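# Observations on the model geometry
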Amino acid sequence: FCHLDFGFGLAFELWNFIFNRLCYNNPMIDFSQMLIRLVVAMVLGAIIGLERERVGKEVGVRTAMTVSAGAALFSITGLMLPYIVATSAENLSEVVARNGGFLNVIANIVVGIGFLGAGIIIKNEDRVHGLTSAAVVWLTAAVGVLAGIGLLKFATAATLIMVITLYVLRKLNIADKVRAQESS
């Protein structure tokens, strides 16, 4: 079934290539695609971390790169689990239909990152410190998930939008202006 030979030229060879990628023993993503997704996640995490490190915040390049890479690795694992668990091509669709547990791998990234972010937040007297850094860790994990599941353009766009937004908001000093108005 997975190795149909249409014999109608290049168009059908292309169709066979795409179709065969969906069949058992042809994982959804191959090793080189996994590596590309991991490297993209690391680069995007480094960009986010560089923005934070540049202004002396708690979350820097190494932390953001590691969070993004870890989220990508767990996401790739979640994507590959049905192929690992299925014992044959015939039961692959049943494994996917009856067991959404592999999606829990991705969902639990959010929970785990929540604990990591909570450790960054510190409350002193009347101010909370580290809230943005904790949110950036959460964002970095989301970017890693996007890269891990193959949404590389969206992950890149989200990274650039957020880094630019953080930069612009810092330059506008909105938080300082609000605090100055509250104290006067």
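Our focus in this paragraph is the pattern of salt bridges. Under the defined criterion, the tally for this structure stands at two salt bridges. In this structure, the salt-bridge partner of Arg52 is Glu51, at a minimum N-O distance of 3.8 Å. The shortest N-O distance in the salt bridge between Glu51 and Arg170 comes to 1.9 Å. You can see Glu51 sitting in helix α2 (residues 31-54) and its partner Arg170 sitting in helix α7 (residues 152-172), a full 119 residues away along the chain. For Glu51, a relative accessible area of 5% gives the class buried.

What follows concerns the environment of Arg127. Structurally, Arg127 is set in strand β2 (residues 127-129). Judged by its relative accessible area of 32%, Arg127 falls in the partly exposed class. Those residues in contact with Arg127, other than ones at most four positions away along the chain, are Ile122 and Arg179.

A word on the packing of α2 against helix α6 (residues 131-148). At a minimum axis separation of 8 Å, α2 and α6 run at an interaxial angle of 160°. Of the possible angle classes, the one that applies to α2 and α6 is roughly antiparallel. The interaxial crossing formed by α2 with α6 has right-handed handedness. Judged by residue contacts, Arg37, Val40, Ala41, Leu44, Gly45, Ile48 and Arg52 of α2 engage Thr132, Ser133, Val136, Leu139, Thr140, Val143, Gly144, Ala147 and Gly148 from α6.

About the thresholds
Every chain is numbered independently, its residues counted from 1 as its sequence is written. Only residues with pLDDT of at least 70 get local features here, since the model is predicted, and only at 80 or more are side-chain atom pairs given and counted; chain-wide, interface and lining totals rely on the full set of residues. Derived side-chain values reflect all non-hydrogen atoms in the structure, with water molecules and hydrogen atoms excluded from consideration. Whenever Lys or Arg places a side-chain nitrogen within 4 Å of a carboxyl oxygen from Asp or Glu, that contact is recorded as a salt bridge. The numbering of helices and of strands both runs from the N terminus, where a helix is a DSSP run of H or I of at least 4 residues and a strand a run of E of at least 2. Note on exposure labels: buried denotes an accessible area under 20% of the residue type's maximum, exposed denotes more than 50%, and partly exposed covers the range between, all computed with a 1.4 Å probe on protein chains only. Only heavy atoms enter the contact rule, under which two residues are in contact if any of them lie within 4.5 Å. Structural elements are reduced to axes, namely lines fitted to C-alpha atoms, with helices fitted over the stretch in contact, and the angle between N-to-C directions of any two is expressed from 0 to 180 degrees. Roughly parallel refers to an angle under 35 degrees, roughly antiparallel to one over 145, roughly perpendicular to one between 65 and 115, and oblique to any angle outside these ranges. Left-handed is the label given to a crossing in which the near helix is rotated counterclockwise from the far helix by less than a right angle, and right-handed is the label when the rotation is clockwise.

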